[in-house]
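The chain contents come next:
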Amino acid sequence: ADFVHGSGSMVYATQPSLELTDLTANSHYDFRVYSMCGENELSDSVVARIQTPCATAQLPYHEDFEAYPATSYGVAGTVPPCWTAISNASVQYAPHVTYAPNASYEQYVCHGQSLQMTSGSSYPRNFVVLPWFDSDLNGTEISFSYKVQYIASAVLTLGYLTNVTDPNSFVVLETIPTVDANLRDFSTSLYNRSIPRNARLAFQWYNSFAWGSFSAS
């Protein structure tokens, strides 16, 4: 990032394409492409930016969300690197890392930092997708603590996406109880669930009627 003209490494190519190696996963790189018009004569160029893909996550895997910037309810935030949020909500209500105590809706936020998902009648279906694991997920055990704002129409599910760009590829594995706003622990085994090799685990928080919130840590 913050590329300065004349800095960095120069790589020469005699073909239309060039493969760069030894790049760091999940990192931004700034670059320029020049044409050599003659000896010591270069064309004009502008800075472009790419981001390298995430590396695959390894099992066992632990995430407590404490390492990332956290924002309160109604303030735009982010999910951890290599996680994916799928939501058509306004940016301030999209899934993000939040914290407790939280000035708004504190009773629905886990202790410390947690991941919060919000839904409502205009944006009922929200997903948070875990990183990609280059492992067979069948037989994995997943555990987490969570709180919800209880609404009769709200449904919290754990499942997987076969296509992270298509919410309709979501397959439900477990429906998680949403009976009250108490802090709860949940654990389940994914043994023999026929999860495809390239699928990614995901939470879906669905509420088609009124506002509702879910947080996990």
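Residues numbered from 1 in each chain as written. Predicted model: local features only at pLDDT ≥ 70, side-chain atom pairs only at ≥ 80, totals over all residues. Heavy atoms only, no water.

In this structure, what is going on with the overall build of the protein chain? I would like to understand it.
The helix and strand inventory of the protein chain stands at zero helices and 14 strands. Secondary structure elements of the protein chain occur, N-terminal to C-terminal, as β-β-β-β-β-β-β-β-β-β-β-β-β-β. Expressed as a percentage of its 217 residues, the buried residues of the protein chain come to 38%. Taking the intrachain contacts of the protein chain between residues at least 6 apart in sequence as the baseline, contacts between residues at least 24 apart amount to 70%. Split by element, the accessible area of the protein chain, about 12400 Å² in all, is 51% carbon and sulfur. (Helix = DSSP H or I, 4+ residues; strand = E, 2+ residues; numbered from the N terminus. Buried < 20%, exposed > 50% of the residue type's maximum accessible area, 1.4 Å probe, protein only. Contact = heavy atoms within 4.5 Å. Areas by Shrake-Rupley, 256 points an atom, 1.4 Å probe, with all protein chains shown as cover.)

Help me understand the state of the cysteines in this model?
Any covalent bond linking the sulfur atoms of two cysteines counts as a disulfide. Taken as a whole and assessed by the stated rule, the structure comprises one disulfide. Between Cys54 and Cys82 runs a disulfide, and the two sulfur atoms are separated by 2.0 Å. Its torsion about the S-S bond being -95 degrees, the disulfide of Cys54 and Cys82 is classed as left-handed. Highlighted residues: Cys54 in the loop between strand 4 (48-51) and strand 5 (84-86) and Cys82 in the loop between strand 4 and strand 5, separated in sequence by 28 residues. A residue is classified by how much of its surface remains accessible, and Cys54, at 35% relative accessible area, is partly exposed. (Disulfide = S-S within 2.5 Å.)

Purely geometric stuff here, so don't read any function into it on its own.
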